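# Observations on the model geometry
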Amino acid sequence: DAGVTQSPTHLIKTRGQQVTLRCSPKSGHDTVSWYQQALGQGPQFIFQYYEEEERQRGNFPDRFSGHQFPNYSSELNVNALLLGDSALYLCASSRTSSRGTGELFFGEGSRLTVL
Amino acid sequence: AQSVTQLGSHVSVSEGALVLLRCNYSSSVPPYLFWYVQYPNQGLQLLLKYTTGATLVKGINGFEAEFKKSETSFHLTKPSAHMSDAAEYFCAVTGYSSASKIIFGSGTRLSIRP
């Protein structure tokens, strides 16, 4: 049973570019959440997708956008990259029934470096 | 709104010694509380969680935590540290109405001395 898979694992971009990160949730999960983890910090909630809609959003600018597909996989897009966007981006999946109880399963993350 | 404060960004203990990682929370609604562990170059793994009921929660790898409402604390303990426990530990909180919008603390790095 595959867990949460993310791609790419590492990538380097320059300021002003755009990036797309991808996530496949754990089998049987229908909700995907994205987190940003800067070096030495805890994960910061970006947004959550369920039924192909953004359900909740953290304190991130509109440069951060996402999408969820009918097969529950998800993409995170970041436009006009800034140096401060350099971080580990974590995808977490869960089942609808467990959305209130924290049963999040995390991928290993995509490490983005902005030069 | 919810928030979490983890006291001590780095804790070092000897192998076999007691592990105590401190977490205090703030929540405007009854909280659900969690501890996650992150090993190097890996994602986060759930160690244990408190939702309702018994305030002493047992998790994986011999860890446990006690919810103390009067102290707004949820400290993580393990009676005897093992070298394999070296990792980053995150305390996290959500409220039922937040539907798994989980707020994480800044983390505590646990080192184990031989």
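Everything discussed here concerns the structure shown above.
Cut-off values and rules
Residues numbered from 1 in each chain as written. Chains lettered and ligands numbered in written order. Predicted model: local features only at pLDDT ≥ 70, side-chain atom pairs only at ≥ 80, totals over all residues. Heavy atoms only, no water. Helix = DSSP H or I, 4+ residues; strand = E, 2+ residues; numbered from the N terminus. Rg over C-alpha atoms; globule rule 2.2 N^0.38 Å. Buried < 20%, exposed > 50% of the residue type's maximum accessible area, 1.4 Å probe, protein only. Polar contact = N/O pair within 3.5 Å; in protein donor to acceptor, adjacent residues only side chain to side chain. Phe/Tyr/Trp six-rings, centres within 6.5 Å; stacked < 30°, edge-to-face > 60°. Lys NZ or Arg CZ within 6 Å of the ring centre and 35° of its normal. Contact = heavy atoms within 4.5 Å. Pairing = 2+ DSSP bridges. Axes fitted to C-alpha atoms, helices over the stretch in contact; angles between N-to-C directions. Buried area = accessible area lost by both parts, 1.4 Å probe. Salt bridge = Lys/Arg side-chain N within 4 Å of Asp/Glu carboxyl O. Nonpolar A, V, L, I, M, F, W, Y, C, P; charged D, E, K, R; others polar.

### Concerning the overall build of chain B
- Looking only at helices and strands, chain B features 0 helices and 11 strands.
- N-terminal to C-terminal, the α/β element order of chain B is β-β-β-β-β-β-β-β-β-β-β.
- In terms of overall dimensions, chain B is globule-like: its C-alpha atoms have a radius of gyration of 13 Å, near the 13 Å expected for 114 residues.
- Counting only C-alpha atoms and orienting by the principal axes, one finds that chain B spans roughly 45 × 30 × 20 Å.
- Looking at the 114 residues of chain B, the share that counts as buried comes to 47%.

### Some thoughts on the environment of His10 of chain A
All names here are of chain A.
- Following the sequence through the fold, His10 ends up in strand β2 (residues 10-13).
- Along the sequence, His10 and Leu88 sit 78 residues apart, while their C-alpha atoms lie 9.0 Å from each other.
- Of note is the side chain of His10, whose polar atom sits 3.3 Å from the side chain of Thr9.

### Quick notes on the packing of aromatic side chains
Residues and elements named next belong to chain A.
- Applying the stated criterion across every chain yields a total of 13 aromatic pairs over all chains.
- Ring geometry for Phe47 versus Tyr49: centroids 5.3 Å apart, planes at 85°, classification edge-to-face. There is no split in this pair, since Phe47 and Tyr49 are both buried.
- The ring of Phe105 is capped by Lys26, whose NZ or CZ atom sits 5.3 Å from the centre of that ring.

### Brief notes about the environment of Thr14 of chain A
All names here are of chain A.
- Mapped onto the fold, Thr14 is located in the loop between β2 and β3 (19-24).
- Overall, Thr14 belongs to the partly exposed group, its relative accessible area being 40%.
- In this structure the C-alpha to C-alpha distance between Thr14 and Phe60, which are 46 residues apart in sequence, comes to 20 Å.
- Setting aside anything within four residues of it in sequence, one finds Thr14 in contact with Leu81, Val114 and Leu115.

### A word on the pairing of strand β8 (residues 73-78) of chain B
Residues and elements named next belong to chain B.
- The buried fraction of β8 amounts to 5 of the 6 residues, a majority that puts the element mostly inside the structure.
- Sheet topology note: the strand β7 (residues 64-68)/β8 ladder contains 5 bridges and is antiparallel. Within the sheet, the bridge partner assigned to Ala65 lies in β8 and is Leu76.
- As consecutive antiparallel partners, β7 and β8 are separated by 4 residues, and within that stretch Thr72 has a phi angle of approximately 45°, a positive value.

### Focus: the sheet that holds β7 of chain B
Residue and element names in this part refer to chain B.
- What the 5 strands build is an open sheet, ordered β1-β3-β8-β7-β6; its pairing is antiparallel. The open sheet is flanked by β1 (2-7) and β6 (56-58), the only strands paired with a single partner. Recorded for the sheet is a direction-independent mean angle of 20° between the axes of neighbouring strands.
- Here 3 bridges tie β6 to β7, and the two strands are oriented antiparallel to one another. By the bridge assignment, Val57 is partnered in β7 with Ala65.

### A word on the interface of chain A and chain B
- Listed as interface residues are 22 residues of chain A and, on the opposing side, 22 residues of chain B.
- Summing both sides of the interface, chain A and chain B together bury roughly 1,700 Å²; the carbon and sulfur share of this comes to 52%.
- Summed over the shared surface of chain A and chain B, the result is 0 salt bridges.
- Applying the counting rule to chain A against chain B returns 2 residue pairs in polar contact (both at pLDDT 80 or more).
- When residues of the side of chain A that touches chain B are traced back to their parent elements, those giving at least two are β4 (31-37), β5 (44-50), β6 (53-57) and β9 (87-94) of chain A.
- The element contributing the most residues to the side of chain A that touches chain B is β9 of chain A, with 3 residues.
- In the side of chain A that touches chain B, the residues fall into 7 nonpolar, 11 polar and 4 charged.

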